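Descriptive structure summary
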Protein chains: 2
Amino acid sequence: MATYKTQIRSGVYYDSAKLMMLQRSLAELPGVLDTGVVMGTDSNKELLAHIGLDTPEVKAAKPDELAIVIKAENEKAADDALAQVDSLLAARKSQGGDEYRPRSIESAVEAAPDAGWVIVSVAGRYATAVTRECLRLGKHVHLFSDNVSIENEIELKKEARELGLLVMGPDCGTAIVDGIGMAFANKVRKGPIGIVAAAGTGLQQVSSRIHQLNSGITFGIGTGGRDLKESVGAITFLMGLDVLARDPDTKVIVLTSKPPAAKVAEEVLKKARKAGKPVVVNFIARPITTTRDGNLFFATGLDDAARLAVELANNPPTLTGDEDLPIKKFTKEQKYFRGLFSGGTLAYEAQHILAGYMPKVLANSPINKENQLPDAFVSQENCIVDLGEDEFTQGRLHPMMDNELRIRRLYEEARDPEVAVIMLDVVIGYGSHPNPASEIAPAIAKCIAEAKNAGRHLEVVCVATGTDEDPQNLNDQIAQLKAAGAIVDTSNEVVCRYVGRIMRALAERDVVEEKAVGKPVDLENLKKPLSCINVGLESFYTNIKDQGAPCIQVEWKPPAGGNEKLMNILQKMKAPVKK
Amino acid sequence: MATYKTQIRSGVYYDSAKLMMLQRSLAELPGVLDTGVVMGTDSNKELLAHIGLDTPEVKAAKPDELAIVIKAENEKAADDALAQVDSLLAARKSQGGDEYRPRSIESAVEAAPDAGWVIVSVAGRYATAVTRECLRLGKHVHLFSDNVSIENEIELKKEARELGLLVMGPDCGTAIVDGIGMAFANKVRKGPIGIVAAAGTGLQQVSSRIHQLNSGITFGIGTGGRDLKESVGAITFLMGLDVLARDPDTKVIVLTSKPPAAKVAEEVLKKARKAGKPVVVNFIARPITTTRDGNLFFATGLDDAARLAVELANNPPTLTGDEDLPIKKFTKEQKYFRGLFSGGTLAYEAQHILAGYMPKVLANSPINKENQLPDAFVSQENCIVDLGEDEFTQGRLHPMMDNELRIRRLYEEARDPEVAVIMLDVVIGYGSHPNPASEIAPAIAKCIAEAKNAGRHLEVVCVATGTDEDPQNLNDQIAQLKAAGAIVDTSNEVVCRYVGRIMRALAERDVVEEKAVGKPVDLENLKKPLSCINVGLESFYTNIKDQGAPCIQVEWKPPAGGNEKLMNILQKMKAPVKK
């Protein structure tokens, strides 16, 4: 029969590494079968319950109390083990023991004024105050601690943004700066790829795979998993992206995270499109609709992101901007596009592709019900009408055979002063009209001319589907359409993306560039050799030293011995919390 | 002031090509401003209303009545136009006028017994009976007609499947057989790619793009847009896929459609995996999670599908089967996998990838709420536990530093007789445990040995994240894990897909291969030079002839002059409808 003994200690603080060491040491003592050494939080108690160490004393323990449970062969072994707790706790790793250890962050900063970073891994309930102190001392913070409220996260990040400082975290496992890994990070060679990642192991997997593929990184910036929630608004993610966009050594950027809130994803991609360099995007589990959109390259997973980034770094792609778009020709009122399709699948794919470029695409045969065009015969906003749908074809010829209805509609759309772009499909081949361009091209020319007379530029784009062996001859059809002033391509995707880019540029045309919020991160400073201060888990300090970078360990203790009330008073006396 | 005149004709039947020709001829007459020539269906009346031709007579017209509206400069012009309707209707295209035109499908089959196909484009309400007749005469049917009920579609397709015949449609715009396009189709050179597509312009876009990329096709099989609905169950799609899988000339298969019902997609992909050749899949707007899974290659769009297919045809990939999987080693009871992760993002990506291989993956930190593992401390079914989540780490060390909890859990999972595969991540680097494999590898070895003693094979797979420059040295860690009997890779995706393939194979292991429903299509017969019969739109007949293939046009009229009651009686006398 095993014996269980429990000891509860109040008013103590040990970091979890210390507790783990204690637990291991106890477990190795003679006669000890199992041990649990945890703070008395509910989840820890549940954990102990699961492994059968939930003694009555454990059940009664409070979150700020340390619970030590011994399961031993007999009472004596349990008592002997408990008797050794104090001496085991007093034992200290010799390593680094002779270095100066300031007792406050302020003193650490005085001792190492060049340290750019503070790694913070104190218990969650102390982490906000510690981080705020670091920011006010002008330091970037790698905030490893979890259990920090989202309200505190937002407050800290907003303050940091005003100061041009990065808060990576809370719950940020990994970062690599100047080739030095902070917290959990791999030794990855320096190279041309910069990474911004929400979480820890995403960044570790991508950076390690990049290293394995013989490339390397400039920065690995972690943001914490909640940064891409709408309430946080990707503050650190966007700051990280901005840093990498400005950094001349970063040739390719990788962005990876779980799928962000829709609005946040849009904001991140918008900024990414302006990075001026290839950006590999992997929002894990977020559907990809294309592998490339301008300078954005979409990866299907972490491994794929690493592969793509290395490929792009080795073979830089040609990047073009939006110089080819006729944005300036449109009037201020022109803001909509209309798709008039004869082919259902082409119309469907067009909706799918264009949905990536604008908030909403209405259609008479919509992908999602909420995009239903109320009346197929009357266009509104951005919409795609499939004229091959039953409502148009009952007792009539299909629009591939009979252009009349579509041409009538084309004139209607062209006369709408809010319409900027009209997209048509021209599908030739057996069965289709013997020469559709002979009817459609003159109508296009007339529409463009009429619009011009009315002071508008009308962009008409066509996807021409068919072959050079078709009776109508694809090349001949294309020539007619081009002569009428249309932009023509044989790929539905190419045409849709051209339309999408115009619509995106039109939407952004009149938006007054928002005044940048906060202060940009000082890149020059960020690129200096890493020097840092560590508050919390001692192993992080050791790791930085092992990598050859200077680091100071703060001999940190919770203020007021962990008494929260007193702590708050102290905090208020020191630096009033911003509202 | 314009004048409107209307003529309503009852008890008449003209195909829509004829009506279009009439409309155009009328519009060209002197003094005529606009015309409408349509059957009096609601949607046609709406259409006329939209262009201002909804006279009171039109509003009163019935669906089986022909409405002719003239808008003219004056009354005389309108009357003159109406007076010419009969002679215009009587005018007949001279083309092919001297050929024999049987008045029934039966006679056509007698005249052309080798014709393998019938193209049917009669009005929807007659199409089911016509198609059934063709099937019973042993012909494949290209059913162009729309407005056929889904119940009739299902009935026709089931009958066809029993007979080993294809029903492409209803509402199937396109097909290419033996290089000959039926209905709407492009002249595409013959080549190594076979296509099955739900709808018309999808097939036209893909086949045309393949031609433009200098390749060609064997078959272009259309199925109609509803074939992939759950109620139809992809009957034609699966038969088409089967044909292409068996056809030795088809080296690459392309499958494209709007996204099928989930269950149908699964069925199609399952069959596609067994095709024994590369299959390019493009379910438009269906998210892709990978670009490749075995012989399946996922495209992001129609254009991408064409590009991929040509690339694969030009550079055949190496295809491997499931020979590498240890399926036979497992007991019958072993059917679950358990993922024990220390990295949140790795766990998240694993859920995402594995969701593609099994119906459900539970998790303590699930992608979707419905996959919530009720108790993080107790595994069930297929599940992924992230031991880095708060519930495990409050007041404890992270599982990357402290392996204890994970190893306890590993033993639990390994002892579960229903568990076949356990997946672990081993993340090294600064911050992590100094030698995780030294603790994890012996545990793995012990679990495998214990399972073996209990008569089970336990597959343990690890993703090892890190580099050769990490303090723990990735290669050394991998060597330890492999020596313990684990399968190890550095890519999370590679490991997950290996697990996924095992789980898929296990799920399929005990499934008794369903007896194939129906009769396989006679491939040899299908590959004979195309010869066909056309019922409906005359232009389809002309097109086949223009392409140099034999075709017979049936001088078809609705039975009983279109009187539905009488038609039903006739139909019943002829061939009783199957129940």
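Parameters at a glance
- Here the residue numbers are simple positions, counted from 1 along each chain's written sequence.
- Going through the entries in the order they are written, you letter the chains from A and number the ligands from 1.
- Only residues with pLDDT of at least 70 get local features here, since the model is predicted, and only at 80 or more are side-chain atom pairs given and counted; chain-wide, interface and lining totals rely on the full set of residues.
- Working definition: helices are DSSP H or I runs of at least four residues, strands are E runs of at least two. Numbering for both runs from the N terminus.
- Any residue with 12 or fewer other C-beta atoms within 10 Å of its own C-beta is exposed, any with 20 or more is buried, and the rest are partly exposed; the C-beta atoms used are placed from the backbone.
- Copy-to-copy superposition: least squares on the C-alpha atoms, limited to residues that have pLDDT of at least 70 in both copies.
- Contact between two residues is assigned when their C-beta atoms, built from the backbone, lie within 7 Å.
- In this classification, Asp, Glu, Lys and Arg are treated as charged, Ala, Val, Leu, Ile, Met, Phe, Trp, Tyr, Cys and Pro as nonpolar, and every other residue, Gly included, as polar.
- To obtain each axis, a line is fitted to C-alpha atoms, and for helices this fit is confined to the stretch in contact; angles are then taken between N-to-C directions over 0 to 180 degrees.
- When describing relative orientation, an angle under 35 degrees is termed roughly parallel and one over 145 degrees roughly antiparallel, while 65 to 115 degrees is termed roughly perpendicular and anything else oblique.
- Note on convention: near helix rotated counterclockwise from far helix by under a right angle means a left-handed crossing. Clockwise means right-handed.
- We call two strands paired when DSSP finds no fewer than two bridges between them.
- For every residue, the pLDDT score states the predictor's confidence, bounded by 0 at the bottom and 100 at the top.

What follows concerns unusual backbone geometry. The omega angle of the peptide bond from A:Gly169 to A:Pro170 is 5 degrees, so this bond is cis rather than trans. Mapped onto the elements of the fold, A:Pro170 is located in the loop between β6 (167-168) and β7 (174-177). Phi angles above zero are rare outside glycine, and B:Asp178 is one such case at about 55 degrees. Looking at where B:Asp178 falls in the secondary structure, it is placed in the loop between β7 (174-177) and β8 (180-183). Looking at B:Asp178, the number of C-beta atoms within 10 Å reads 17, which means it is partly exposed. Even without being glycine, B:Ala183 reaches a positive phi, approximately 55 degrees. Its place among the elements puts B:Ala183 in strand β8. Judged by the 31 C-beta atoms lying within 10 Å of it, B:Ala183 is buried.

What follows is about the relation of the copies chain B and chain A. Turning chain B through 180 degrees and shifting it by 0.0 Å along the axis lays it on chain A, with an RMSD of 0.1 Å. Both copies are brought into coincidence by an operation consistent with a two-fold rotation axis. Across chain B, the smallest distance between a C-alpha and the rotation axis is recorded for B:Pro287, namely 2.3 Å. Mapped onto chain A, 99% of the interface residues of chain B are again interface residues, and the two copies thus contact each other with one and the same surface.

Okay, the environment of A:Val122 next. Residue and element names in this part refer to chain A. Mapped onto the elements of the fold, Val122 is located in the loop between β4 (117-120) and α7 (124-136). Judged by the 23 C-beta atoms lying within 10 Å of it, Val122 falls in the buried class. For the pair Val122 and Asn534, spaced 412 residues apart in sequence, the C-alpha separation works out to 9.9 Å. If near-sequence neighbours (up to four positions away) are discounted, Val122 is found in contact with Ala127, Val130, Ser145, Val535, Gly536 and Trp556.

At the interface, 84 residues of chain B touch 83 residues of chain A. For the side of chain B that touches chain A, the element with the most residues is helix α9 (residues 200-212) of chain B, which contributes nine residues. Here the side of chain B that touches chain A is built from residues that sort into 28 nonpolar, 41 polar and 15 charged.

The next point concerns the packing of helix α13 (residues 344-354) of chain B against helix α18 (residues 492-509) of chain B. Residues and elements named next belong to chain B. Contact pair α13 / α18: the axes reach a minimum separation of 9 Å and the direction vectors enclose 40 degrees. Between α13 and α18, the angle falls in the class oblique. Note on packing geometry: the crossing formed by α13 with α18 is right-handed. When α13 is examined against α18, the residues Leu346, Glu349, Ala350, Ile353 and Leu354 are found in contact with a partner set consisting of Asn492, Glu493, Cys496, Arg497, Val499 and Gly500. Tallied by class, residues from the contact of α13 with α18 come to six nonpolar, two polar and three charged.

What follows is about the packing of helix α9 (residues 200-212) of chain A against α13(B). At a minimum axis distance of 5 Å, the contact between α9(A) and α13(B) shows a crossing angle of 80 degrees. One way to sum up the angle between α9(A) and α13(B) is to call them roughly perpendicular. Contacts between α9(A) and α13(B) involve A:Gly200, A:Thr201, A:Gly202 and A:Gln205 from the former and B:Gly344, B:Thr345 and B:Leu346 from the latter. Within the contact of α9(A) with α13(B), the residues separate by chemical class into one nonpolar, six polar and no charged.

Turning next to the sheet that holds strand β19 (residues 459-465) of chain B. Where strands meet in a sheet, backbone hydrogen bonds hold them as pairs that are either parallel or antiparallel. Residue and element names in this part refer to chain B. Read from one edge of the open sheet, six strands run β16-β17-β15-β18-β19-β20, paired in parallel fashion. This sheet does not close on itself; its edge strands, each paired only once, are β16 (362-363) and β20 (487-489). The sheet contact formed by β19 and β20 spans three bridges and is parallel. Each residue of the ladder has a partner; that of Val463, found in β20, is Asp489.

All right, on to the confidence of the model for chain A then. Mean pLDDT over chain A stands at 90; residues scoring 70 or higher make up 95%. Under the prediction, the complex receives an ipTM of 0.81, its pTM being 0.81.

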